[in-house]
Every structure is written in structure tokens, then in C-alpha cells.
Amino acid sequence: MSTDNTTPDDTTPDGLIPAAVLASDAPVAVYGYARAKAGEEGRMLGEIQAIIGLTRKEDGCEQYVVHTTPDQPGAFAFYERWSSGAHLLAHVSQPFMQTYFAAIAGLVEGELEAHWLHPLS
């Protein structure tokens, strides 16, 4: 996953989330983007749909939304907001998320994009 404003030395786990985000006691948010490889759009959609309900039920999940558009089949935009970095870490550590990450690894065109957001106030 590509991330903004981070280096490989200050991210965890597996370079996914900046350490400062994980250490946050305040809410954390991220938006991301992924595109399925040609011919894998349906499989990727199925993998994403399988985690939405589970994710929204997790402790600390304030918002988890995935968007797509008919104009760009296989393009997915994600927005997540968690009560703290610890809640986000618990989320990505869930067994269903580990299964999801493994499943989409071969379905994504290029890298996943993640942009970590910082509140203005």
C-alpha cells in the first residue's frame, strides 16, 4: 500500500499505517483508492462487500464507506474513521481482515493508495 508523508521506517504493521496514527488517542481517518485488475472486478467487489458489515460492527469504527462508479468498473474509493489508532490497529489485526488482505493481493492493479487525514481543529 502506498502512503503519504511516511517512510518505511515509521510505519507498522507491514508498512500499512504510520506509527503516529497508531499511537493517536484522538480519532484517525484515512481515504484510499484501489483498482481491480482487468477481469477481476467482480471478485474484488465480492471481497470488499464481505468485510463492510463486519467492519462497521467493530468497536471504534465511526465510519466505513466504500464507493464505486459505473463509469470506472473495478475502481473503489474507501473512507474510514476510527475512534483511535488502537481501534484501527485492532481492525487491521482481525482475522477477517488478514484473509481480505491476502485475497485482494492478486486482484489489485498496482498498489493500494492510503492518505492519512489530520483534523484542522
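The structure under discussion appears in the preceding block.
This structure is a prediction, so every number in the text was calculated from the model and none was measured.

J.: Which residues make up helix α2 (residues 41-56), and what values do they have?
T.: With 16 residues, α2 extends 23 Å between its outermost C-alpha atoms, agreeing within 8% with the 22 Å of an ideal straight helix rising 1.5 Å per residue. Turning to α2, its buried residues number three or more, namely Met44, Ile48, Ile51, Ile52 and Thr55. The arc that holds the buried residues of α2, viewed along the axis, is 125°, so those residues lie on one side. What points out from α2, more than 90 degrees from its buried face, is the exposed set Gly42, Arg43 and Gln49. Buried residues belonging to α2 abut β4 (28-35), β5 (61-67), β6 (75-82), α3 (85-93) and α4 (95-104).

J.: Let's hear about the environment of Ile48: which residues, and what values?
T.: Within the fold, Ile48 resides in helix α2. The exposure class of Ile48 is buried, given its relative accessible area of 2%. Measuring from C-alpha to C-alpha, the distance between Ile48 and Phe76 comes to 9.1 Å, with 28 residues separating the pair along the chain. Contact partners of Ile48, with chain neighbours within four places excluded, come to Val66, Phe76, Phe78 and Tyr100.

J.: Please provide a residue-by-residue account of the packing of aromatic side chains, values included.
T.: Counting across every chain of the model gives one aromatic pair. Consider the rings of Tyr100 and Phe101, whose centres lie 5.6 Å apart with planes at 55°: the pair is tilted. Judged by its relative accessible area of 25%, Phe101 falls in the partly exposed class.

Reading the values: the criteria
Residues numbered from 1 in each chain as written. Predicted model: local features only at pLDDT ≥ 70, side-chain atom pairs only at ≥ 80, totals over all residues. Heavy atoms only, no water. Helix = DSSP H or I, 4+ residues; strand = E, 2+ residues; numbered from the N terminus. Expected span 1.5 Å × (residues − 1). Buried < 20%, exposed > 50% of the residue type's maximum accessible area, 1.4 Å probe, protein only. Arc of directions from axis to C-beta. Contact = heavy atoms within 4.5 Å. Phe/Tyr/Trp six-rings, centres within 6.5 Å; stacked < 30°, edge-to-face > 60°.

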